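Given next are the chains, with one letter for each unit.
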Amino acid sequence: MEGKMRAQVFYEAEKMQMEMLPIPQVSAIDVLVKVKSVGICGSDISYYYGLSPVGTATGKGPIVLGHEFTGEVVEVGSVPEMLGLFAPGDRVVVNPVQNCNACYACAEGKTHLCANLSVPGVTVNGGFAQYCVSRYTGLFKISDDMSYSAGAFTEPLACALNGIKKLGIEIGDFVAIFGPGSMGLMMVQMCKALGAAKVALMGAAGDDWRLEQGKKVGADYIFNTVEKNSKYYTSDLKKTISELTKGRLADRAIAPTSANAAFEKAVEIVGNCAIIVHFGLPNADDVFKIPALSFHTMDKEIRSAWLAPLAWPAAIRSIEEGLVKVDRLITGTYPLEDTEKAIRTLKTNPGNQIKIQIAV
Ligand SMILES: [Zn+2]
Ligand SMILES: [Zn+2]
């Protein structure tokens with residue numbers, strides 16, 4: 001398609017500007033998507049503030065960020081057209097972790113560790129723009145009754161779902177979730193849907209409002225482990241959970257936060273044969289410190305959950321079937337012009353925000 005489009009181009013820390021760019025051309029394996037709704041991810045905030053390098057060869061811009069998005073198909077490359085897979089007008093969600101389907105990792109189902117990944121919004125231009133190209137293998141159609149805005153939760157929800165699958169919840173489990181952000185609040189709902197008897201949600205400074213939102217979506221207990229004047233404060237979380245579980249401690253724990261201390265706490269408050277999943281992206285120099293003897297003799301197990309391999313169909317169904325209610329997690333919707341403002345709001349006032357979206 002010829003013409004120009006509005007796009008938010010990120011250059012370097014705290015420098016992003018609206019520009020007119022050529023509408024991207026589709027190659028044989030691409031589909032051109034007219035972007036409708038884009039969620040702002042924690043990683044977009046990290047990139048914007050220069051806390052993590054973007055995925056380009058240099059680690060720097062210029063690049064259009066935004067990887068959690070839905071839109072409408074406007075042009076179809078020759079391969080997906082020949083295969084009859086997509087047509088203009090289709091409503092789609094983009095899986096931004098676009099693997100090659102040809103390397104060893106892909107052939108083993110480790111698609112998130114593909115040797116030839118292309119990631120719109122991270123390695124190539126993404127969704128903070130009027131149009132974006134996607135490989136046809138990274139697109140899923142969504143039904144007419146799923147709003148574009150709900151669909152834009154699919155990517156984070158797929159990641160959350162992958163983490164929860166790794167947690168291996170069994171019916172009746174006591175599950176501890178550290179971090180009342182959008183990931184944590186989706187995980188609360190999944191754990192309840194999977195048969196967890198009790199879910200405890202933990203937060204830190206400034207998190208009380210978000211903890212209360214967690215209670216509204218199903219958390220049985222909410223605790224602030226940091227702020228002494230919080231009404232949810234507990235000075236000894238392990239003891240509190242021990243009392244709630246008659247000494248058994250938590251069966252499962254997951255930490256959807258980049259706070260290293262929260263993960264170490266998660267390992268501390270679980271009981272015999274518990275599974276703990278490391279979920280939040282750590283900082284480059286983070287190191288875990290775990291008491292080795294109790295970890296060993298209580299036979300605990302730690303797993304990581306990176307991205308969302310093979311989790312997409314279930315994530316889409318979870319939204320479609322209302323197993324995870326995402327609409328109530330939206331605390332702001334901004335126009336494309338205000339993308340920087342939206343990112344800054346999430347950084348400066350996180351305690352009152354869950355998910356902010358850009359409506360393009
Ligand atoms: Zn994301
Ligand atoms: Zn591959």
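**Student:** Is there a simple way to think about the overall build of the protein chain in this case?
**Tutor:** Secondary structure summary: the protein chain contains twelve helices and 15 strands in total. Since a compact globule built from 360 residues should have a radius of gyration of about 21 Å, the 21 Å found for the protein chain is in line with a globular shape. Seen through its C-alpha atoms, the protein chain measures out along the principal axes to roughly 65 × 40 × 40 Å. Taken over 360 residues, the protein chain has a buried fraction of 53%. For the protein chain, contacts bridging at least 24 residues in sequence account for 68% of all contacts bridging at least 6. Looking at the protein chain as shown, the accessible area adds up to about 15900 Å², and 53% of this sits on carbon and sulfur atoms.

**Student:** Looking at this structure, how should I read the coordination of the zinc ion (ligand 2)?
**Tutor:** Each donor-metal-donor angle would ideally measure 109.5 degrees in four-coordinate tetrahedral geometry, or 90 or 180 degrees in six-coordinate octahedral geometry. Within the first shell, the zinc ion (ligand 2) binds the protein through Cys100 (SG), Cys103 (SG), Cys106 (SG) and Cys114 (SG), at distances of 2.3 to 2.4 Å. Around the zinc ion (ligand 2) sit four donor atoms; with metal-centred angles ranging over 102 to 121°, the donor geometry is tetrahedral. Look at where the donors of the zinc ion (ligand 2) fall in the sequence and you get C-x2-C-x2-C-x7-C. According to the relative accessible area criterion, Cys100 is partly exposed, its value standing at 24%. Overall, the relative accessible area of 9% leaves Cys106 in the buried class.

**Student:** Is there a simple way to think about the nonpolar core in this case?
**Tutor:** The tendency in soluble globular proteins is for nonpolar side chains to be buried side by side. Judged by nonpolar contacts, the single largest core of 46 residues is most densely connected at Ile177 and Met186. Ranked by size, the runner-up nonpolar core spans 42 residues in total, among them Val9, Ile63, Val119 and Tyr334.

**Student:** What exactly am I supposed to notice about the pattern of salt bridges here?
**Tutor:** Per the stated rule, a full pass over the model turns up 14 salt bridges. A salt bridge links Glu72 to Lys36; the nearest nitrogen and oxygen atoms lie 3.8 Å apart. Remark: Lys36 occurs in strand 3 (residues 30–39) and Glu72 occurs in strand 4 (residues 68–76); sequence separation between them is 36 residues. By relative accessible area, which is 26% here, Glu72 ends up partly exposed. The shortest N-O distance in the salt bridge between Glu268 and Lys265 comes to 3.9 Å. Separated by three residues within a single helix, Glu268 and Lys265 lie in helix 9 (residues 260–268), roughly one turn from each other.

**Student:** When you look at empty space enclosed by the protein in this model, what are you seeing that I'm missing?
**Tutor:** Over the atoms, a rolling probe the size of a water molecule traces out where space has been left empty. Within the structure shown, the criterion is met by one cavity of 30 Å³ or more. In this structure, the largest cavity occupies an estimated 30 Å³ of space. Along the walls of the largest cavity sit Ala255, Thr257, Ser258, Ala259, Asn260, Phe263, His278, Pro282 and Asp286, which together make up its complete lining. Of the residues assigned to the lining of the largest cavity, the class counts are four nonpolar, four polar and one charged.

**Student:** For this particular structure, what's the right way to read the pairing of strand 15 (residues 355–359)?
**Tutor:** Look at any regular strand and the pattern is simple: side chains alternate between the two faces of the sheet. The element strand 15 is extensively covered by neighbouring structure, given that four of its five residues are classed as buried. One ladder, built from three bridges, connects strand 3 with strand 15; its direction is antiparallel. If you follow Val38 over to strand 15, its bridge partner there is Ile358. A crossover connection joins strand 14 (residues 330–335) to the parallel strand 15 through helix 12 (residues 339–348); in handedness this β-α-β unit is right-handed.

**Student:** I tried to follow the sheet that holds strand 12 (residues 270–278) on my own but got confused; where do I start?
**Tutor:** Strand order across the open sheet formed by six strands is 10-9-8-11-12-13, with parallel pairing between neighbours. Edge positions in the sheet fall to strand 10 (221–224) and strand 13 (301–304), since each of these pairs with one other strand and no more. Taking the axes of each pair of neighbouring strands and ignoring which way they run, one obtains an average angle of 20° across the sheet. As paired elements, strand 11 (residues 250–255) and strand 12 share five bridges and run parallel to each other. Looking at strand 12, one finds that Ala250 is bridged to Val270. Sheet strands in contact with helix 8 (residues 237–244) are strand 8 (174–178), strand 9 (198–203), strand 10 and strand 11, and its direction is about 165° off that of strand 10.

**Student:** Sorry, what's going on with the side chain of Thr240 here?
**Tutor:** Considering the arrangement of structural elements, one finds Thr240 in helix 8. The class of Thr240 is buried, set by a relative accessible area of 17%. Those residues in contact with Thr240, other than ones at most four positions away along the chain, are Phe223 and Thr234.

**Student:** Would you mind going over the coordination of the zinc ion (ligand 1) with me for this structure?
**Tutor:** Listed as protein donors to the zinc ion (ligand 1) are Cys41 (SG), His67 (NE2) and Glu68 (OE); their distances from the metal cover 2.1 to 2.6 Å. Every donor residue of the zinc ion (ligand 1) comes from the same chain, spaced as C-x25-H-E. Pair noted here: Cys41 is in the loop between strand 3 and helix 1 (42–48) and Glu68 is in strand 4, with a separation of 27 residues, a long-range link. Comparing Cys41 with Glu68 shows no difference in burial state: the two are buried.

**Student:** Which parts of the structure should I look at to understand the side chain of Asp207?
**Tutor:** Relative to the helices and strands, Asp207 is located in the loop between strand 9 and helix 7 (208–216). The residues touching Asp207, leaving out its near neighbours within four places in the chain, are Pro180 and Glu227.

**Student:** Is there a simple way to explain helix 6 (residues 182–193) in this structure?
**Tutor:** The α-helix advances 3.6 residues per turn, and as a result positions three or four apart in sequence lie on the same side. An ideal rise of 1.5 Å per residue puts 16 Å on twelve residues; helix 6 measures up with 17 Å between its terminal C-alpha atoms. Burial within helix 6 is extensive, with ten of its twelve residues counted as buried. As for helix 6, its buried residues are in contact with helix 5 (154–167), strand 8, strand 9, helix 7, strand 11 and strand 15.

Each value, and the rule that gives it
- Residues numbered from 1 in each chain as written.
- Chains lettered and ligands numbered in written order.
- Predicted model: local features only at pLDDT ≥ 70, side-chain atom pairs only at ≥ 80, totals over all residues.
- Heavy atoms only, no water.
- Helix = DSSP H or I, 4+ residues; strand = E, 2+ residues; numbered from the N terminus.
- Rg over C-alpha atoms; globule rule 2.2 N^0.38 Å.
- Buried < 20%, exposed > 50% of the residue type's maximum accessible area, 1.4 Å probe, protein only.
- Contact = heavy atoms within 4.5 Å.
- Areas by Shrake-Rupley, 256 points an atom, 1.4 Å probe, with all protein chains shown as cover.
- Donors = N, O, S within 2.8 Å, 3.2 Å for Na, K, Ca; no water.
- Tetrahedral: all angles 85-135°; square planar, octahedral: opposite > 155°, others 65-115°.
- Core = buried A, V, L, I, M, F, W, Y, C linked by side-chain atoms within 4.5 Å.
- Salt bridge = Lys/Arg side-chain N within 4 Å of Asp/Glu carboxyl O.
- 1 Å grid on protein atoms, 1.4 Å probe; cavity = no way out; pocket = protein on both sides within 12 Å on 5 of 7 lines; lining within 4 Å.
- Points joined across faces, edges and corners; volume = space filled by probe spheres on them.
- Nonpolar A, V, L, I, M, F, W, Y, C, P; charged D, E, K, R; others polar.
- Pairing = 2+ DSSP bridges.
- Right-handed = clockwise from strand over helix to strand, strands pointing away.
- Axes fitted to C-alpha atoms, helices over the stretch in contact; angles between N-to-C directions.
- Expected span 1.5 Å × (residues − 1).

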